[in-house]
Each structure stands twice: as C-alpha cells, then as structure tokens.
Amino acid sequence: MALSLSVSRPARAVRWATTAALALCATTVAVGQAYPAKAVKLVVPYAPGGSADIAARLIADEWGKALGGTLFIENKGGAGGNIGVDMVAKAPADGHTIGLQTVSLAINPALTAKMPYDTLKDLAPIGLVASSQHVLVVNNSLPAKNIKELVALLKAQPGKYSYGSAGAGSTFHMSAELFKAVAGVPIVHIPYRGGGPALIDTMSGQVALSFPVLSAAQPHVQAGKLRALGVTGPKRSALMPDVPTIAEAGVPRYAFETWFIVFAPAGTPRAVVDKLNTSLNQALASPALKERMSKDGFDPTPSTPEQARARLEAEMPQWAQLIKERGISAE
C-alpha cells in the first residue's frame, strides 16, 4: 500500500503537469490562429519620406497579405525616433501595434541621457527587414576627386570644411562620425532638420559634403549636381555600381550600413511573434517586393527573432564606445 501511494502521487503530478502543458500549448496555438483580430498598426518613428518610412511602405502590403490581415502605417516622429518606439513599447502586447526602426535602435541608448524605454527589456524583436547604404557625396566645387584626395584635403585644412546631416544621432550623422574616427579627419558637423535640407545645402556649397542614403542621392549624382566618392557599405551598390566602397577607395577599416528591424512590445505571445516573423519573411521572399526594394537601394535581410535580437545586442556596445570616445550627443 505504501508503495502504491508513493507511485500514485507522482503519477497524479505527471498527469496534472501534462494536462497543464497541453492546455498552455493549446492556448498558444489558439492565440496564433486568432491573430490578427484587427488591423495591425506599424509605427514608423519618423516623418514621412525618410528611409524608415520608405522601407515600411515597401513591405506593408505584401506583409499584410502574408499575415492574413491589414497592416497600416502610422508616423510618430520626434526625439530621434524615441517617441515612436516608446509608443510601441507601451502598447498592449497583443501584436496589433508594432514598430519599424533603423540602426538608431542600437544607437539611441548611448546618445540619450534619459531613455523613455529599455531597448532590450521593453521590446520583442520580430525580425530584420533590410539593409541599405549611404554614400559620401561632395559639392562639385570641392577639389577632391576621390576618397584619398578628400582625406588629404581634410587633414591639410582641419576645421575648414563641414558636413551636413539629417540631425544629431541620425544615420547621416553616425556614418559621418564613423568616417571621421576611422579616417582620422576633422570635419565640422552641421545638423539639419532632415536629410533633404542637408542634401540641398551640399549641392549649393553651404556644406562641403554629406552622407545621404543612396536612393536620395542617386538622382542628384546622375544629374551631375553632386559627386559621389564612395558608398558606405561593405560592397558596391547596384544603384551606383561604378562608385567604389569607401573601404576600397582608401579607408580600409570603414563600413556602415543602415539596417531596419521590426519589433513588438515585450510580453507579446511567442505564437504572435512567430506569425509576424514567418509572414514578414514570406513577404521579403516575394520576387516583386525584392525588385521594388532593390530599386530603392534596399537589400532584404530575412531573419529569425533571435538573429534580430543578436544583431541589436552586438551593435549597442559598439556604438556606445564610439559615441563615448567622440563625445557625441543628441543635443
């Protein structure tokens, strides 16, 4: 009898645990099957027209179809993207409010003294979307015709030349600061309220150079209004195949890419995150979407949620080190 009792208790415990596990599994599956219950809002933390907004609008329709629902975009700019990201972080964790951000998601914690959210604790990465490059362009009056000549010119006349950016902490800004650090050149930073004004003033000669996204610079380079000296990524771009990378043109250790990541509030059910990830990757595999993205200078980069988080975690300390060493702030 004693032996029977000692066996029956564990047996009942095993049956209870098995029942609970099956119930949890059934609930998780049910959550995934029921989702989305309504239209999904994709928050872009910048004004319309920027690279993040373009990326979001490129993927929205295909992603919505693959998800089996409607996906619409809401632009919520301000504070270098922090306001829009915070909006997602504090949204209900049901997968109906998600966000898309650039590499600034890894950069901003080191730039902002008081972050409204904790990047790694308050957000659940869904997946990577794409990467894109910037390009170093100069005013046509600048005597430098290539990267080596530009570096020599900037070193010979420290502080004389300036570059324009889309604002402190923007990818324009950070790609230029990385160039300054790796090439060892002094250039004065002139922040603008957006990439468009910075590009216009580069053409007019108000600033000597800038680092716009490829898609924004391409028409002006083709029209002969700007001279492209090098693309920022690790390989040449199909948009400007004749323009070398900055690394191959004379600054070997330099490489910068903007990458785009989508995320949900922390606590979003894993089944929902998985459904969002699977449908996103399905959309990114569409030949039609790939072609549209390529024309705008984007390279699709499908991933798992874990791979997206790993990239975020890997780059945060790297940017923090550069920002500290260069004394960069978002002010």
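Residues numbered from 1 in each chain as written. Predicted model: local features only at pLDDT ≥ 70, side-chain atom pairs only at ≥ 80, totals over all residues. Heavy atoms only, no water.

Further remarks concern the nonpolar core. Judged by nonpolar contacts, the single largest core of 50 residues is most densely connected at Leu136, Leu150, Phe179, Leu209, Val251, Tyr254 and Trp319. Within the residue set of this core, elements represented by two or more residues are α3 (82–89), α4 (104–111), β4 (123–132), β5 (135–138), α6 (147–156), α7 (171–183), β10 (258–265) and α12 (305–326). Contacts of Phe179, omitting those with residues within four sequence positions, involve Leu136, Leu150, Val151, Leu154, Gly184, Val185, Ile187, Phe211, Ile246, Val251 and Tyr254. Of all hydrophobic cores here, the second largest spans 30 residues; its members include Val40, Leu42, Leu100 and Leu289. (Core = buried A, V, L, I, M, F, W, Y, C linked by side-chain atoms within 4.5 Å. Buried < 20%, exposed > 50% of the residue type's maximum accessible area, 1.4 Å probe, protein only. Helix = DSSP H or I, 4+ residues; strand = E, 2+ residues; numbered from the N terminus. Contact = heavy atoms within 4.5 Å.)

Attention now moves to α7. Counted at 1.5 Å a residue, the expected span for α7 with its 13 residues is 18 Å, and the 18 Å between its end C-alpha atoms agrees. Of all the 13 residues making up α7, twelve are buried; the element is thus mostly covered by neighbouring parts of the structure. Here α7 has its buried residues at Thr171, Phe172, His173, Met174, Ser175, Ala176, Glu177, Leu178, Phe179, Lys180, Val182 and Ala183. Positioned one or two residues after α7, Gly184 has a phi angle of 70°, which is positive. (Expected span 1.5 Å × (residues − 1).)

So, about the side chain of Lys180. Relative to the elements of secondary structure, Lys180 occurs in helix α7. What Lys180 contacts, discounting residues up to four positions off in sequence, is Tyr163, Val185, Ile187 and Arg326.

The subject of this paragraph is the pattern of salt bridges. Tallied over the full model, the rule gives twelve salt bridges. When the shortest N-O distance is used, the salt bridge between Glu177 and Lys180 registers 3.2 Å. In this pair, Glu177 and Lys180 both sit in helix α7, three residues apart, roughly one turn of the helix. Lys180 shares its class with Glu177; the two are buried. Here Glu177 falls in the buried class, since its relative accessible area comes to 5%. (Salt bridge = Lys/Arg side-chain N within 4 Å of Asp/Glu carboxyl O.)

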